[in-house]
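Below are the chains, spelled out letter by letter.
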Amino acid sequence: MDRDKALRIVKKQLTEKRYVHTIGVMETAIELADRFHVDRDKAELAAIFHDYAKFRNKEEMRQCIIDQKMPHDLLLHHEELWHAPVGAYLVKKEVGISDEEILEAIRCHTSGKINMSQLDKVIYVADYIEPNRDFPGVEVVRDSAKTSLDIAVVQAMKNTILFLLTRNQPIYPNTFHAYNDMMMKVK
Ligand code: DGI
Ligand code: FE
Ligand code: FE
Ligand code: FE
């Protein structure tokens, strides 16, 4: 699918602000893909569709998680986590994208997971550092992403976990597993 068609499809699913974020993720993901020798067409499509389900209603997402037998523990955690796996499912079903690498990058873009592929990491980092993001510490991660994708991933995960701790939020197991896995790899 070409970029313009993909953008036209996703635009209908998003608010203006989220669409601008998506464009930022797309541009950043392509840049990272070229830098770290990842397939740029897959990075482009995964980025365009990564937040496809962001504005689906909570009940629809809950039902989808149950019906499609997605990990049940998702339901015990914050619904912010749901749009990633539900998005992967809907992008396949409604948009017709069947490339498993693209779908997996969408599926794990919020929590991360153990053994992330290079494409998964590109999307995870691009989502975190795209130019419209203004998290505390994002500049450090942007800097790291110029030389090491793995270090950028670890820093983004660490910041996310720290943020959740300050908000008294439970941490989804995959979020921790992903952090531990990457931390041990960069050491
Ligand atoms: O959809 P985006 O805003 O572009 O970004 P995202 O999908 O990476 O993250 C969405 C939200 O999910 C963000 O506010 C952080 C939150 N999040 C990430 N991991 C966890 C989490 N929330 C909880 N409660 N637990 C997690 O492990
Ligand atoms: Fe997201
Ligand atoms: Fe993210
Ligand atoms: Fe996003």
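Owing to the predicted nature of the structure, the values given are computational and were not obtained by experimental measurement.

About the criteria used
Residues numbered from 1 in each chain as written. Chains lettered and ligands numbered in written order. Predicted model: local features only at pLDDT ≥ 70, side-chain atom pairs only at ≥ 80, totals over all residues. Helix = DSSP H or I, 4+ residues; strand = E, 2+ residues; numbered from the N terminus. Rg over C-alpha atoms; globule rule 2.2 N^0.38 Å. Buried ≥ 20, exposed ≤ 12 C-beta atoms within 10 Å, placed from the backbone. Contact = placed C-beta atoms within 7 Å. Axes fitted to C-alpha atoms, helices over the stretch in contact; angles between N-to-C directions. Parallel < 35°, antiparallel > 145°, perpendicular 65-115°, else oblique. Nonpolar A, V, L, I, M, F, W, Y, C, P; charged D, E, K, R; others polar. pLDDT = per-residue confidence, 0-100. UniProt positions renumbered as here; feature names shortened; annotations may be inferred. Near = placed C-beta within 6 Å. Expected span 1.5 Å × (residues − 1). Left-handed = near helix turned anticlockwise from the far one by under 90°.

Right, let's get into the overall build of the protein chain. Regarding its fold elements, the protein chain presents ten helices and zero strands. Going residue by residue from the N terminus, the α and β elements of the protein chain occur as α-α-α-α-α-α-α-α-α-α. In summary, the protein chain has a C-alpha radius of gyration of 15 Å against a globular reference of 16 Å for 187 residues, a match within 12%. On the principal axes, the C-alpha backbone points of the protein chain span a range of 40 × 35 × 30 Å. Looking at the 187 residues of the protein chain, the share that counts as buried comes to 41%. Once local pairs closer than 6 in sequence are excluded, the contacts in the protein chain between residues at least 24 apart make up 63%.

Turning our attention to the packing of helix α5 (residues 83–95) against helix α6 (residues 100–107). Relative orientation of the contacting elements α5 and α6 amounts to 150°, with a least axis distance of 7 Å. As judged from the angle between their axes, α5 and α6 are roughly antiparallel. Facing Ala84, Pro85, Gly87, Ala88, Val91 and Lys92 of α5, the residues of α6 in contact are Leu103, Ile106 and Arg107. Looking at the contact of α5 with α6 residue by residue, the classes come out as six nonpolar, one polar and two charged.

As a further point, take unusual backbone geometry. Phi angles above zero are rare outside glycine, and His37 is one such case at about 60°. Following the sequence through the fold, His37 ends up in the loop between α2 (16–35) and α3 (40–49). Even without glycine at this site, Asn115 takes up a positive phi of about 55°. Take Asn115: it is sitting in the loop between α6 and α7 (118–129).

Overall, the prediction assigns the protein chain a mean pLDDT of 97, with 100% of residues at 70 or greater. Taken over the whole predicted complex, pTM reads 0.96, whereas the ipTM for its chain interfaces reads 0.92.

Residues given the UniProt feature "domain: HD" (unreviewed entry) here are residues 18–132. Between the C-alpha atoms that bound residues 18–132 there is a distance of 10 Å. The span itself is 62% helix and 0% strand.

Moving on, we come to the site of ligand 1. Taken together, 18 residues lie near ligand 1, and His78, Glu80, Thr110, Tyr172 and Thr175 sit nearest. Across the shell around ligand 1, the residue classes break down as six nonpolar, eight polar and four charged.

With 13 residues, α5 should reach 18 Å at 1.5 Å per residue; the first-to-last C-alpha distance of 16 Å falls well below that figure. Every buried residue of α5 is accounted for by His83, Ala84, Pro85, Val86, Gly87, Ala88, Tyr89, Leu90 and Val91. Summarising the contacts, the buried residues of α5 are in contact with α3, α4 (58–67) and α6. One or two positions beyond α5, positive phi appears at Gly96, with a value near 90°.

With respect to the helices and strands, the residue Met61 is situated in helix α4. When sequence neighbours within four positions are dropped, the list of residues in contact with Met61 reads Ala53, Arg56, Glu79, Trp82, His83 and Val86.

We now examine the packing of α3 against α6. Packing of α3 against α6 leaves a shortest axis separation of 9 Å and a crossing angle of 40°. Comparing the axis directions of α3 and α6 gives the class oblique. The two elements α3 and α6 meet at a crossing, and its hand is right-handed. Within the contact between the two elements, α3 uses Lys42, Leu45, Ala46 and Phe49 and α6 uses Glu101, Ile102, Ala105 and Ile106. Its residues assigned to classes, the contact of α3 with α6 comprises six nonpolar, no polar and two charged.

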